[in-house]
Amino acid sequence: MSQAPLAVLLSPRPAEVRAAREVGARTLVLAPDLSAPGIREAVAVAHDALTVDWLDHPGLLMAIGQLSAYPARVSVFGFAEASALVAARVNEALRFPGNPHAAVAYLTDKVALRGKVNQLTGTPVRFEQCDRVTHLVAAAEQVGFPCVAKPRTGSGGQEVHLLRDVADAALLAAELVSDPVLIVEEFLDGPEYSVLAHSRDGEHTVLAVAEKHLSDGPGFTEDGHDLPAPLDPGDRARVEDLVTATLGAAGHRSGLSLTEVVRTEHGPRLIESHAHPGPGRLGDLLALATGTDPVALAVATALRLPVPEFHPPSGGRCAGIRILRLPPGRLLEAVHGIDEAYALPGVADIGITVRVGSHVPEATSRAAGHGFVTAVASCPGELEALLGKALSLLRPVMGEAAPEPKEEHTAA
């Protein structure tokens, strides 16, 4: 009996392990701590697991180098920013199939990607690289207000700052304690979309365009996504053309990608792109809306297993996610209403990412929250009502705030 192809998964979610198994792959989970929340559940559904600090490249190669002699096809997969880059690097080193490491790295470099994509569009996005905080005000003035400052590398809306005027730029410059390499670019006004795509041998297929919901407060916090986005065929085609041009410019060859786009009055413009499906559970929404799991699609393609049939999202079935946010610093004592929310027809999943009995941390990015609800419905109006109802049923019980750290005084 021949051995099944092997999917090596770097700190995966349980759903990603299940998707790999469903297409016929053998699964090996690698993580620094196999008992960590989430990883423990992933290990429980995997064939094998190994404790490895996969950020240690020499240690990772030493741990799995023997897989070069595995009697079937092997590929390493990472479905987050850091793990996608590591997976590409180790696949190249061990000559396993996968996306080129240079392509993944290119997509993490917002300055390089912006410059390249600007050459492909009729209306480029103004931007400046800023290497020193003392140059931030000048860079912002060169771009023009309003503008956005964010790290040259990063994802998920981490450390993204909207600068409305010189005062905002000067305040941010004063708050930055080091000299991070930033990109300062013009603020793109319009509805935002997250585009999930799958690539095979350099051919890019857009799987779904999801509409992003943003709050009206400072920082434009993400409240969730709806899939498919309500776009007319012409606008959708222009969005898809921008995405495929971006992936081509980066040299993206295989696997999943997530590209953020704004539809401005001058047409769609790129925010950023990544060689992974992103943190917003868009893959889960695609599976709800179409029955196709993008992780299963990516694993099957790389390992040359039978590829699941894909049907684009249609108007008869839509899926969405809404983010739950809790007051940072307060103690989470309980969350009531979870069973009531699950009982609503169409609610698919509810997650609370803060452990009961612990203090609520600050959100790490504009996309991060402290919980979520996903649901599926037959039309956008029904979906919006269902997600709103489910969120309203969740009743977190908040306790006292964490005590302020005491200042230490030393004798003179």
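All of the points below concern the structure found in this document. None of the values given here were measured: they were computed from a predicted structure.

### Considerations on the overall build of the protein chain
And then number 1: For the protein chain, the helix and strand inventory stands at 13 helices and 18 strands.
And then number 2: The C-alpha atoms of the protein chain give 22 Å as radius of gyration, which agrees with the globular expectation for 412 residues (22 Å, within 12%).
And then number 3: Expressed along its principal axes, the backbone C-alpha trace of the protein chain runs to roughly 70 × 60 × 55 Å.
And then number 4: Sequence-distant contacts, at least 24 apart, represent 64% of the contacts inside the protein chain between residues at least 6 apart.
And then number 5: With an accessible surface of roughly 19,200 Å², the protein chain has 53% of that area assigned to carbon and sulfur atoms.
And then number 6: Across the protein chain, 34 positive and 50 negative side-chain charges occur, with their mean positions spaced 5 Å apart.

### Side note on the sheet that holds strand β8 (residues 182–186)
And then number 1: Strand order in this open sheet of four strands is β5-β8-β6-β7, and the pairing throughout is antiparallel. Of all strands in the sheet, those with a lone pairing partner are β5 (127–130) and β7 (161–163), marking the two edges. Strand-to-strand twist across the sheet, computed as the mean angle between neighbouring axes with direction ignored, equals 25 degrees.
And then number 2: In this sheet, β8 lies alongside strand β6 (residues 147–151) in antiparallel orientation, the contact comprising five bridges. Within the sheet, the bridge partner assigned to Ala-149 lies in β8 and is Val-184.
And then number 3: Contacts between helix α7 (residues 136–143) and the sheet are confined to β5, β6, β7 and β8, with β8 contributing the most and set at about 25 degrees to the helix.

### A few points about helix α9 (residues 233–250)
And then number 1: Between its first and last C-alpha, α9 extends 26 Å over 18 residues, near the 26 Å set by a 1.5 Å rise per residue.
And then number 2: Those residues of α9 that are buried lie in contact with α5 (101–108), α6 (110–118), β9 (192–200), β10 (203–214), β12 (255–264) and β13 (267–274).
And then number 3: The N-capping residue of α9, defined by a side-chain oxygen 3.0 Å from the backbone nitrogen of Gly-234, is Asp-232.
And then number 4: Within two residues after α9, Gly-251 carries a phi angle of roughly 80 degrees, on the positive side.

### Considerations on the side chain of Ser-75
And then number 1: In this fold, Ser-75 is placed in strand β4 (residues 74–77).
And then number 2: Under the relative-accessibility criterion, Ser-75 is labelled buried at 1%.
And then number 3: Within the structure, Ser-75 has its side chain in polar contact with the backbone oxygen of Pro-97 (distance 2.6 Å).
And then number 4: Beyond its immediate chain neighbours, meaning those up to four positions away, Ser-75 contacts Leu-6, Ala-7, Val-8, Asn-91, Phe-96, Pro-97, Ala-302 and Leu-303.

### Brief notes about the side chain of Lys-150
And then number 1: When you line up the elements, Lys-150 lands in strand β6.
And then number 2: For Lys-150, a relative accessible area of 4% translates into the label buried.
And then number 3: Of note is the side chain of Lys-150, whose polar atom sits 3.0 Å from the side chain of Glu-185.
And then number 4: Polar contacts involving the side chain of Lys-150 include one to the side chain of Glu-272, which spans 3.1 Å.

### Considering the pattern of salt bridges
And then number 1: All told, the structure shown has 20 salt bridges when counted by the stated rule.
And then number 2: Between Lys-150 and Glu-185 there is a salt bridge, with the nearest N and O atoms lying 3.0 Å from each other. Note that Lys-150 is positioned in strand β6 and Glu-185 in strand β8, a separation of 35 residues in sequence.
And then number 3: One salt bridge connects Arg-281 with Asp-284, and the closest N-O pair in it is separated by 3.3 Å.
And then number 4: The class of Arg-281 is partly exposed, set by a relative accessible area of 23%.

### As for the state of the cysteines
And then number 1: In this structure the tally under the stated criterion is zero disulfides.
And then number 2: Here Cys-130 stays free of any disulfide, with the sulfur of Cys-147 as its closest cysteine sulfur at 10 Å.
And then number 3: Judged by its relative accessible area of 0%, Cys-147 is buried.

### Quick notes on the layout of surface pockets
And then number 1: What the second largest pocket holds in volume is close to 470 Å³.
And then number 2: Every residue lining the second largest pocket is counted, 30 residues in all, and those nearest its centre are Gly-98, Asn-99, Ser-254, Gly-255 and Ala-302.
And then number 3: Mapped onto the lining of the second largest pocket, the elements with two or more residues apiece are β4, α4 (81–94), β9, β12 and α11 (294–302).
And then number 4: Tallying contributions element by element places α4 first for the lining of the second largest pocket, with four residues.
And then number 5: A per-class count over the lining of the second largest pocket returns 13 nonpolar, twelve polar and five charged.

### Details of the sheet that holds strand β3 (residues 48–51)
And then number 1: One open sheet accounts for four strands, arranged β3-β2-β1-β4; its pairing is parallel. What marks the edges here is a single partner per strand, and that holds for β3 and β4. Taking each pair of neighbouring strands and ignoring which way they run, the sheet shows an average axis angle of 20 degrees.
And then number 2: Pairing of strand β1 (residues 6–10) with strand β2 (residues 26–31) involves five bridges; the strand directions are parallel. Of the residues in β2, the one forming a bridge with Val-8 is Leu-28.
And then number 3: The sheet contacts of α4 involve β1 and β4, and relative to β4 the element is tilted by about 155 degrees.

So, how was this worked out
Residues numbered from 1 in each chain as written. Predicted model: local features only at pLDDT ≥ 70, side-chain atom pairs only at ≥ 80, totals over all residues. Heavy atoms only, no water. Helix = DSSP H or I, 4+ residues; strand = E, 2+ residues; numbered from the N terminus. Rg over C-alpha atoms; globule rule 2.2 N^0.38 Å. Contact = heavy atoms within 4.5 Å. Areas by Shrake-Rupley, 256 points an atom, 1.4 Å probe, with all protein chains shown as cover. Lys, Arg positive; Asp, Glu negative; His and termini not counted. Charge placed at Lys NZ, Arg CZ, Asp CG, Glu CD. Pairing = 2+ DSSP bridges. Axes fitted to C-alpha atoms, helices over the stretch in contact; angles between N-to-C directions. Expected span 1.5 Å × (residues − 1). Polar contact = N/O pair within 3.5 Å; in protein donor to acceptor, adjacent residues only side chain to side chain. Buried < 20%, exposed > 50% of the residue type's maximum accessible area, 1.4 Å probe, protein only. Salt bridge = Lys/Arg side-chain N within 4 Å of Asp/Glu carboxyl O. Disulfide = S-S within 2.5 Å. 1 Å grid on protein atoms, 1.4 Å probe; cavity = no way out; pocket = protein on both sides within 12 Å on 5 of 7 lines; lining within 4 Å. Points joined across faces, edges and corners; volume = space filled by probe spheres on them. Nonpolar A, V, L, I, M, F, W, Y, C, P; charged D, E, K, R; others polar.

By themselves, these observations are geometric and do not establish any function.
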